[in-house]
Amino acid sequence: MLSTAEIGIDLGTANILIYSKSKGIVLNEPSVVAIDVNTKQVVAVGAEAKEMVGKTPQNIIPIRPLKDGVIADYDVTAQMLKEFLKKVSKKIGMSMRKPVVVVCTPSGSTTVERRAIHNAVTSYGAKQVHLIEEPIAAAIGADLPVDEPVANVIVDIGGGTSEVGIISFGGVVSCNSVRIGGDKMDEEIIHHIRKNYNILIGERTAENIKMEIGYAHPNHKDETMEIRGRDMVTGLPKTVTITSQEIHLALKESLEQVLETIRATLENCPPELSGDIVDHGIVLTGGGSMLNGMQEWLSTEIIVPVHLAPNPLESVAVGTGRALKMITKLQKATK
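None of these values were measured; they are calculated from a predicted model.

A.B. asks: Which residues make up the layout of surface pockets, and what are the values?
C.D. replies: In this structure, the largest pocket encloses a volume near 1,100 Å³. What lines the largest pocket is a set of 45 residues, and nearest its centre among them are Ala14, Asn15, Gly159, Asp183 and Glu207. The set of elements that each furnish at least two residues to the lining of the largest pocket consists of β1 (6-11), β2 (15-20), β3 (24-30), β6 (60-63), β7 (66-67), α5 (182-197), α6 (203-213) and α10 (315-334). Ranked by the residues each element gives to the lining of the largest pocket, the list is headed by α5, at six residues. When the residues that make up the lining of the largest pocket are grouped by side-chain class, the tally is 17 nonpolar, 15 polar and 13 charged.

This is how it looks when you write it as structure tokens:
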């Protein structure tokens, strides 16, 4: 007889990660779905669909059904989850009929948004669906002692949202989230290139620029990069050279808002836990935390130690999967 699959899902705006209790991370793919407009059929999901962004014929549209960490298009998200879970069941060689699922939700999400996430997973036929707040999942995944009476400060900079949480005794003491993340930074880069060079670039080019010469710290060795886009005056392809200093200025406003959110969360921290923060500092997770110079910049701004989680991209998914044990313990305790 096949045992029930237990999985954790990190429903990220940029990537979806699925964690299996038996195999660890079994899926890590972009949250993109390519749909045929005429038949309403899913043509591709994940990495395959992301390759199509900006390159498809008129009848096929790549859609990102998750916006700011929550579901923007319910039907497409349900279809995407179905496809991903099919892939996972083949990979782990286990029946995915009626799995027990833990999904993380942004701490600032509304009841309606949480209900949409719950329903999207249930529609696949999950036996039980548990929702866990993203900061807690990120802290568990980053190996922080969340159930001890010490302050664990987690800053999760994702694709759609940045979450800041202070966790102690397994619960959230103070928490703030801002709908700014990697996607907003990409938008800022696109806007900057269009405004200063009269050139249109796509999301993928913007993301490459951010990863290669995007810096959080203003004091860095200036780097240059050649980019190609469409000239808005002539309509022809054009190549220009941009510098890391100007990309820093384009990202500055978004970074300041993330910093402001961290400060607001630390200000709400009980005095007893403040001492722990000075000793242990804060831990960064999420793709945005891997921006060049992010650790150094935050450390100089908030004057506490800043650490990068062992695996920033996978922390939330791993934590979501590990939270299964905690949830099972809690259920046994209440029986």
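A.B. asks: Talk me through the nonpolar core; I want residue IDs and the actual numbers.
C.D. replies: In this structure, Ile201, Ile209, Ile242, Ile282 and Met294 are the most contacted members of the largest nonpolar core, which totals 40 residues. Sorting elements by how many residues they give to this core places helix α7 (residues 244-267) first, with six residues. Residues from two domains meet in this core; each of domain 2 (142-180 + 257-310) and domain 3 (182-250) gives at least three. If we skip the residues at most four places from it in the chain, Ile242 touches Ile193, Tyr197, Ile209, Ile213, Glu223, Thr224, Met225, Ile227 and Ile247. Grouped together as the second largest cluster of nonpolar side chains are 26 residues, Met80, Val103, Ala116 and Val121 included.

A.B. asks: Can you tell me about the domain arrangement of the protein, naming the residues and giving the values?
C.D. replies: Where interface size is given, it is often the accessible area lost as the parts come together that is meant. Partitioning the protein into structural domains gives domain 1 (6-137 + 316-334), domain 2 (142-180 + 257-310) and domain 3 (182-250). Domain 2 and domain 3 are separated by 29 Å when their C-alpha centres are compared. With ten residues of domain 2 at the interface, the matching set in domain 3 holds twelve residues. Summing both sides of the interface, domain 2 and domain 3 together bury roughly 910 Å²; the carbon and sulfur share of this comes to 66%. The interface formed by domain 2 and domain 3 includes zero salt bridges. Linking domain 2 to domain 3 there are five residue pairs in polar contact (both at pLDDT 80 or more). Tallied by class, residues from the side of domain 2 that touches domain 3 come to four nonpolar, five polar and one charged.

A.B. asks: Report on the environment of Ala139, specifying residues and quantitative values.
C.D. replies: Tracing the chain through its elements places Ala139 in helix α4 (residues 134-141). You can call Ala139 buried: its relative accessible area is 0%. Residues Ala139 and Gln128 lie eleven residues apart in sequence; the distance between their C-alpha atoms is 23 Å. Once you skip the residues sitting within four places of it in the chain, Ala139 turns out to touch Leu144, Val146, Ile154 and Ile167.

A.B. asks: Pulling in residues and values, what's your account of the confidence of the model for the protein?
C.D. replies: Residue-level pLDDT values for the protein average 83, and 94% of them are 70 or greater. Under a pLDDT of 50 for its full length, residues 330-335 has, in the predicted model, two contacts with residues more than four places off or in other chains.

A.B. asks: Give a description of the pattern of salt bridges that names residues and reports values.
C.D. replies: Tallying each qualifying case throughout the model produces 14 salt bridges. The residue Lys87 makes a salt bridge to Glu29 at a minimum N-O spacing of 3.0 Å. Taken together, the residues Lys87 in helix α2 (residues 74-92) and Glu29 in strand β3 connect sequence positions 58 residues apart. The class for Glu29 is buried, based on a relative accessible area of 15%. The partner of Arg263 in a salt bridge is Glu301, with the nearest N and O atoms 3.4 Å apart. Here Arg263 is found in helix α7, whereas its partner Glu301 is found in helix α9 (residues 294-302), with 38 residues between them in sequence. A single salt-bridge network, built from bridges that share partners, covers Arg64, Asp183 and Glu203.

A.B. asks: Now, about the sheet that holds strand β18 (residues 306-308): what can you tell me, with residues and values included?
C.D. replies: Hydrogen bonds along the backbone pair up the strands of a sheet, which may run parallel or antiparallel. The sheet built from five strands is open, its strands ordered β13-β12-β11-β17-β18 with mixed pairing. Only two strands of the sheet have a single partner each, and these edge strands are β13 (171-178) and β18. Pairs of neighbouring strands in the sheet enclose a mean axial angle of 20 degrees, with direction left out of account. As paired elements, strand β17 (residues 282-285) and β18 share three bridges and run parallel to each other. In the strand pairing of β18, Leu284 is matched with Leu308. Strands β11 (152-157), β17 and β18 of the sheet are contacted by α9, whose axis makes an angle of about 160 degrees with β18.

A.B. asks: Please set out unusual backbone geometry residue by residue, giving values where relevant.
C.D. replies: Non-glycine residue Asn198 carries a positive phi angle of around 60 degrees. Among the secondary structure elements, Asn198 is positioned in the loop between α5 and β14 (199-200). Even without being glycine, Ile303 reaches a positive phi, approximately 50 degrees. Inspection of the secondary structure puts Ile303 in the loop between α9 and β18.

What counts, and where the lines are drawn
Residues numbered from 1 in each chain as written. Predicted model: local features only at pLDDT ≥ 70, side-chain atom pairs only at ≥ 80, totals over all residues. Heavy atoms only, no water. 1 Å grid on protein atoms, 1.4 Å probe; cavity = no way out; pocket = protein on both sides within 12 Å on 5 of 7 lines; lining within 4 Å. Points joined across faces, edges and corners; volume = space filled by probe spheres on them. Helix = DSSP H or I, 4+ residues; strand = E, 2+ residues; numbered from the N terminus. Nonpolar A, V, L, I, M, F, W, Y, C, P; charged D, E, K, R; others polar. Core = buried A, V, L, I, M, F, W, Y, C linked by side-chain atoms within 4.5 Å. Buried < 20%, exposed > 50% of the residue type's maximum accessible area, 1.4 Å probe, protein only. Domains from an automatic or database assignment. Contact = heavy atoms within 4.5 Å. Buried area = accessible area lost by both parts, 1.4 Å probe. Salt bridge = Lys/Arg side-chain N within 4 Å of Asp/Glu carboxyl O. Polar contact = N/O pair within 3.5 Å; in protein donor to acceptor, adjacent residues only side chain to side chain. pLDDT = per-residue confidence, 0-100. Pairing = 2+ DSSP bridges. Axes fitted to C-alpha atoms, helices over the stretch in contact; angles between N-to-C directions.

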